[in-house]
Amino acid sequence: MLQPFQGVLADWPTWSQVLLCTALLLGVVFLGAPLWLCAAVVAVLGIALDVAWWAWLVIAPPFAVLLLRPLRRALLSDRLLHWMRSSGFMPAISDTEREAIAAGTVWLDGELFSGKPNLKRLATADYPDLTEEERAFLDGPVETVCKMTDDWRVHQERDLPPEVWAYLKQQRFFGLIIAKSYGGLGLSASANSAVVTKLTSRSMPLAITVMVPNSLGPAELLSHYGTDAQKQRWLPALASGDEIPCFALTEPGAGSDAGAISSTGVVFRGEDGRLMLRLSWNKRYITLAAVATVLGLAFQLHDPDNLLGKGPRPGITCALIPTSTPGVVLGRRHDPMGVPFYNCPTSGKDVVVPLEDAILGGAAGAGRGWQMLMECLAAGRGISLPATAVGGAQLVARAVGAYAAVRQQFGLAIGRFEGIEEPLARIAGSTWLLEAARRYVCGGLDAGQKPAVVTAIAKYNTTELWRAVVNDGMDVMGGAAISRGPRNLIAHGYIGTPICITVEGANILTRTLMIFGQGAIRCHPHAYAEIDAIAKNDRRAFDANFWRHTGHVLRNAVRTVLLGLSRGWLTWTPGGATTRRHWRRLNWASAEFALLADVAMGALGGDLKRKEKITGRFADWFSWLFLASAALRRYEADGRRSEDAPLLHWTLETAFARMQTAREGLFQNLRLPVLGHALRWPGGLWARINPFGKGPTDGTGQRVARTLLEPGSQRDRLTSRIHLPQDPTSALGRLEHALQLCADAEPVLKKLKDAVRQGRLPKARPAQLLDQACEGGILTDAERRLVQDAELARAEAVAVDSFALDEYLRTAAPADPAAPELAASR
C-alpha cells in the first residue's frame with residue numbers, strides 16, 4: 001500500500017524528507033494527538049518516506065522533547081514560564097480585574113473566539129417567546145400605562161404624573177424581577193426586556209423609571225446575595241413600590257474605574273456589643289436617589305480591629321441604607337440632557353447602621369461587593385439598555401417610514417428618492433438587527449447564562465446602532481424633527497440617546513477594554529488558564545495550556561488559509577440556500593479573527609492592553625461576528641420568511657463590511673516587535689483582494705427601505721414591540737392614519753396621472769383635477785372623497801408645532817433642580 005509513496009519520494013533529497021517528516025510530526029503534536037497516535041504517525045512516516053537511519057537522529061530529539069512532558073517542561077515550558085514571570089510580558093491583573101474577568105459565563109462568544117465555531121449551536125441557540133402570563137402583562141398594564149403617559153407633558157412638568165406613579169406601584173412595575181414568592185412578578189429576562197422596549201417607545205423617562213429598579217440595584221442584589229431576613233424585610237416592599245430603591249456606585253473619582261471607590265465603611269462594636277458600620281460617601285449620577293427610600297451603596301470596607309476576621313481591608317462591599325437614617329443627604333438633582341428622570345447626587349457623613357442588617361449577605365458578604373456587582377452586570381447589561389435601543393429604534397422606524405411615505409416634494413413621496421432610501425435602509429436594517437440581538441441575548445439569559453462579554457457587546461452595539469438610527473431619522477424628517485412639541489416623536493429620543501451611550505460602562509470603555517480586553521482572556525479557550533498558571537507559578541498547568549494554545553494557533557492558521565482560499569466553501573453550514581453563503585463567511589471570519597488575535601496577544605503580551613486603537617478594532621470585528629450570528633438566528637427562528645431575505649442580506653453584508661474595515665485597520669496598524677509592520681503588505685494586500693464583504697448593494701437597500709413605506713404585515717412585524725396608539729389624533733396615530741389613507745388613494749392618483757398622460761386631463765396637481773375628473777367619468781365620488789381625505793390627512797401629518805410667545809416661554813422655563821417637594825411626595 002505504501003509503495004506508491006515510496007516511489008514518489010524515493011528521489012527526494014534526504015533533508016527534504018527530514019523537513020517534511022518533522023513538520024508533520026510537529027503538526028500532530030501541536031494538534032493535541034495522544035501518544036499512541038504520534039507513535040503510529042512516526043512508524044508510517046518512517047516506512048513511507050524511507051527515511052535514512054541518521055535522519056532519525058535529526059527528527060527524534062525535537063519530537064521527543066515535545067511529546068515527553070517531563071522533558072518538555074524541563075527544557076522548554078519551565079524556561080518560558082520563568083521568562084514570562086520575570087519579563088512582565090503577560091499583563092498584570094489586579095484583584096478587581098480578575099473578579100470582573102471571572103464574572104459570569106462564557107457562551108456563544110466562546111464559539112466565535114475559538115476560530116472554529118459550532119455553527120449548529122449558533123443557529124439553534126435558545127430563542128424563547130413570552131409566556132401567556134407575560135404577554136398578558138404587556139398587553140394589559142404595560143399598554144395601559146403607555147396610554148396614561150404623555151411624553152410631552154412629562155418633559156414640560158419634569159416628572160411623571162402622580163397617577164402614573166401610583167399605577168406603576170399598583171401594578172408592581174418595580175418588582176418585575178422579584179420572585180412571585182416575595183410579591184413580585186418574576187418575569188423572565190425576555191419579558192423584562194420587552195416591557196422596557198414598549199415603555200421606551202412611549203416615553204424615555206417612563207422607561208428609565210421602571211427599568212432602573214429592575215436592573216443593577218437592591219432588588220437584584222438581594223435576590224442573589226441577601227440573607228433570608230434581608231429578603232423578607234425588603235423584597236415585598238420593593239415589589240409593591242412601598243420602598244423606592246436606588247444604587248450608588250459612581251463617584252467623582254470613580255467612574256469607569258469603579259474599583260477606585262473612595263466611599264468608606266468602618267466596622268466597630270457598638271455599646272450594646274453589636275457590630276456596626278460608620279459610612280461616609282459622595283456619589284453622583286444616581287438614578288432615583290432623590291425619591292429613594294432605600295439606598296444601595298458600594299464602598300470600601302475597613303475593619304481596623306479585624307472584628308470580621310477578614311483583615312483590616314476586606315475590600316469593596318455593598319450595603320442597604322434606609323434613606324431616613326441620620327446623615328444621609330438627598331434632594332438635589334442633575335439635569336441629564338433635559339430628560340426628566342430622577343438622576344441625582346447623594347452623600348453621607350458618619351451614617352451609622354447595624355452591620356448584619358446593612359451589608360448584603362450579612363457579615364459573610366463583607367468584601368464580596370465587587371464580585372456581586374460584576375456578576376449582576378454580566379447579565380443585566382444585556383437587558384435594559386439594549387431594550388431601550390430597540391424601543392427607540394422601532395419608534396423611529398415606524399414614524400420616519402410613515403413620514404417619508406406621506407411627505408411629498410416635487411409631486412413624489414420623499415421616501416422614493418434614492419437619497420432618502422439610503423438612511424431609510426439603514427433605519428430598517430438596523431431596527432431588524434437590534435431586535436435580533438435583543439432576543440438572542442435574552443434567550444441566553446433565560447437559559448441561565450451570564451455572558452459578561454456578550455452583554456458588553458450588546459450594550460455597546462445596540463446603543464450605537466440606536467444613535468445611528470435616530471440620527472438618520474432626524475435627517476429624513478428634517479424640520480419636523482427639530483421642531484419640538486407634542487407632534488414630534490423622535491426629538492426626545494435624539495436628545496436622550498447619549499445617556500444610554502454613557503451609563504453602565506461608557507461606550508468608549510466598553511469597546512476598547514471590555515469587549516476584546518476582557519473577551520481575549522475570558523472567551524479564549526486557553527488564555528485565562530495560561531495567565532492564571534503564570535500568576536500562580538503552576539508549572540504543570542502552564543505546560544499543558546501553553547502547548548494546547550500553540551496547537552490551537554496552528555489549527556486556526558491552517559483553517560484561515562483554507563477558508564480564505566475557498567472563501568469559506570470548505571464549511572458545513574446549517575440552514576438553507578438563503579443563508580449558506582453567510583454561514584461560510586462567518587466561519588472564515590471567525591478563524592482569521594482568532595488567528596490574528598493570537599498573533600497580537602503572543603507578540604505584544606501585556607502591551608496589547610494599552611493599545612486601545614488595536615483592541616477597539618478587534619472589538620468591532622468580534623462584535624459583528626456576534627451580531628451576524630444573531631441575524632442568522634432570527635431568520636431561522638422567524639421561519640425563513642422570503643420577504644425578510646432582503647433584511648437578512650442587508651444586515652449580513654453590513655456586518656461583513658464592518659468586519660472588513662476592522663480587518664484592514666488591523667493589518668495597517670498592528671506593529672509587532674522585531675517584525676514591525678511585516679503584516680501590512682502581505683496581510684493587508686490579501687485582505688483587500690479577498691474581502692469578507694463590501695456592504696449591501698443599492699438594490700438590496702431599496703428593497704429594505706420599502707418595508708417602512710408600505711403598510712402591511714412586514715412593517716408591523718418590524719415594529720411589533722412598540723406602543724401603537726389607536727387614536728388618530730395622537731402624534732403617531734396621525735401619521736399612521738395618513739399613511740393608510742395615502743396608500744389607499746395611490747391607485748386613484750395613478751388613474752389621474754394616466755389620464756393626464758393620455759391627454760384626458762390637463763397637467764396640474766391632483767387636488768386641482770378631482771372635480772374635472774369626476775365630471776369626465778374618470779373618478780367616482782367615492783374616489784374623489786378618498787383622495788381629498790388623504791390630502792387632508794397628509795397635510796395634518798406633516799404639520800409641526802408652534803406656540804404663542806408666552807406659551808413658548810413657559811415650555812422653555814427651567815425646572816427647580818432641587819424639587820424637594822417632589823421627592824417628599826414619592
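Worth saying up front: this structure is predicted, and the values here are computed from it rather than measured.

(A) Structural detail: the overall build of the chain. Across its full length, the chain holds 36 helices and nine strands. Buried positions account for 56% of the 826 residues belonging to the chain. Excluding contacts between residues fewer than 6 apart, the proportion of contacts in the chain whose partners are at least 24 apart in sequence is 76%. Taken as a whole, the chain presents about 34600 Å² of accessible surface, with 56% of it coming from carbon and sulfur.

(B) Looking closely at the packing of aromatic side chains. The final tally for this structure, using the stated rule, is 20 aromatic pairs. An aromatic cluster of at least three residues, connected via ring pairs, comprises Phe113, Phe516, Trp588, Phe593, Phe618, Trp621, Phe622 and Phe692. Here the guanidinium or amino end of Arg233 rests over the ring plane of Trp234, the centre of that ring lying 3.7 Å away. Seen from the ring of Phe268, Arg278 lies directly overhead, with NZ or CZ sitting 4.3 Å from the centre.

(C) Molecular detail of unusual backbone geometry. Even without glycine at this site, Arg158 takes up a positive phi of about 65°. Unusually for a residue other than glycine, Arg172 sits at a positive phi of about 60°. Tracing the sequence through the fold places Arg172 in the loop between helix H11 (162-170) and helix H12 (189-202).

(D) Examining a nonpolar patch on the surface more closely. On the surface, Leu554, Val558, Val561, Leu562, Leu565, Leu570, Leu685, Trp686 and Ile689 cluster together into a nonpolar patch covering about 850 Å² of accessible area. Looking at the nonpolar patch element by element, the count peaks at five residues for helix H25 (residues 539-566). Along the chain, the position of Leu562 falls in helix H25.

(E) The arrangement of the layout of surface pockets in detail. Space inside the second largest pocket adds up to approximately 830 Å³. Those elements giving two or more residues to the lining of the second largest pocket turn out to be helix H18 (384-406), strand S8 (408-409), strand S9 (412-413), helix H32 (731-757), helix H33 (766-775) and helix H34 (781-798). Counting residues per element, the lining of the second largest pocket draws most heavily on H32, which supplies nine residues. A per-class count over the lining of the second largest pocket returns 18 nonpolar, three polar and ten charged.

(F) Structural context of the environment of Lys147. Topologically, Lys147 is positioned in helix H9 (residues 132-148). Discounting chain neighbours no more than four positions away, the residues touching Lys147 are Arg202 and His723.

(G) Representation of helix H26 (residues 577-604) in the model. For H26, which comprises 28 residues, the first-to-last C-alpha distance of 41 Å matches the rise-based estimate of 40 Å (1.5 Å per residue) to within 8%. Burial within H26 is extensive, with 21 of its 28 residues counted as buried. Downstream of H26 by a residue or two, Gly605 has a phi angle that is positive, lying close to 55°.

(H) Layout of the packing of H33 against H34. The interhelical angle for the contact between H33 and H34, taken along N-to-C directions, is 175°, at an axis separation of 10 Å. When the axes of H33 and H34 are compared, the pair comes out roughly antiparallel. Counted together, Leu770, Asp771 and Cys774 of H33 and Asp781, Arg784, Val787 and Gln788 of H34 form the full contact between these two elements. When the residues that make up the contact of H33 with H34 are grouped by side-chain class, the tally is three nonpolar, one polar and three charged.

(I) Inspection of the side chain of His524 at higher detail. By the secondary structure assignment, His524 is in the loop between helix H23 (507-522) and helix H24 (527-536). A distance of 2.9 Å separates the side chain of His524 from the backbone nitrogen of His526, its partner in a polar contact. A distance of 3.2 Å separates a polar side-chain atom of His524 from the backbone nitrogen of Ala527.

(J) Highlighting empty space enclosed by the protein. This model, assessed by the stated rule, comprises four cavities of 30 Å³ or more. Considered as a void within the structure, the largest cavity measures approximately 130 Å³ in volume. Of all elements in the fold, only H32 and H34 reach the threshold of two or more residues within the lining of the largest cavity. Among the elements that line the lining of the largest cavity, the one with the most residues is H32, at three residues. Per-class residue counts for the lining of the largest cavity are nine nonpolar, two polar and four charged.

(K) Geometry of the nonpolar core. Of all hydrophobic cores here, the largest spans 141 residues; its most connected members are Phe516, Leu586, Phe618, Trp621, Phe622, Leu625 and Met659. Among the elements that line this core, the one with the most residues is H18, at 15 residues. Listed in part, the 52 residues of the second largest apolar core include Trp165, Phe173, Leu199 and Ala290.

(L) Structural view of the pattern of salt bridges. This structure, assessed with the given rule, holds 41 salt bridges. Here Glu251 makes a salt bridge to Lys283, at a shortest N to O gap of 2.9 Å. In this pair, Glu251 is assigned in the loop between strand S1 (245-248) and strand S2 (264-269) and Lys283 in strand S3 (residues 275-287), connecting sequence segments 32 residues apart. Residue Glu251 is classed as buried on the basis of its relative accessible area of 2%. Of the residues examined, Lys283 reaches a relative accessible area of 1% and is grouped as buried. Between Asp472 and Arg426 there is a salt bridge, with the nearest N and O atoms lying 2.9 Å from each other. One end of the pair, Asp472, is in helix H20 (residues 452-477); the other, Arg426, is in helix H19 (residues 418-446), and 46 residues separate them in sequence.

Reading guide: rules and limits
- Residues numbered from 1 in each chain as written.
- Predicted model: local features only at pLDDT ≥ 70, side-chain atom pairs only at ≥ 80, totals over all residues.
- Heavy atoms only, no water.
- Helix = DSSP H or I, 4+ residues; strand = E, 2+ residues; numbered from the N terminus.
- Buried < 20%, exposed > 50% of the residue type's maximum accessible area, 1.4 Å probe, protein only.
- Contact = heavy atoms within 4.5 Å.
- Areas by Shrake-Rupley, 256 points an atom, 1.4 Å probe, with all protein chains shown as cover.
- Phe/Tyr/Trp six-rings, centres within 6.5 Å; stacked < 30°, edge-to-face > 60°.
- Lys NZ or Arg CZ within 6 Å of the ring centre and 35° of its normal.
- Patch = residues over 30% accessible without salt bridge, like charges linked within 9 Å, V, L, I, M, F, W, Y side chains within 5 Å.
- Salt bridge = Lys/Arg side-chain N within 4 Å of Asp/Glu carboxyl O.
- 1 Å grid on protein atoms, 1.4 Å probe; cavity = no way out; pocket = protein on both sides within 12 Å on 5 of 7 lines; lining within 4 Å.
- Points joined across faces, edges and corners; volume = space filled by probe spheres on them.
- Nonpolar A, V, L, I, M, F, W, Y, C, P; charged D, E, K, R; others polar.
- Expected span 1.5 Å × (residues − 1).
- Axes fitted to C-alpha atoms, helices over the stretch in contact; angles between N-to-C directions.
- Parallel < 35°, antiparallel > 145°, perpendicular 65-115°, else oblique.
- Polar contact = N/O pair within 3.5 Å; in protein donor to acceptor, adjacent residues only side chain to side chain.
- Core = buried A, V, L, I, M, F, W, Y, C linked by side-chain atoms within 4.5 Å.

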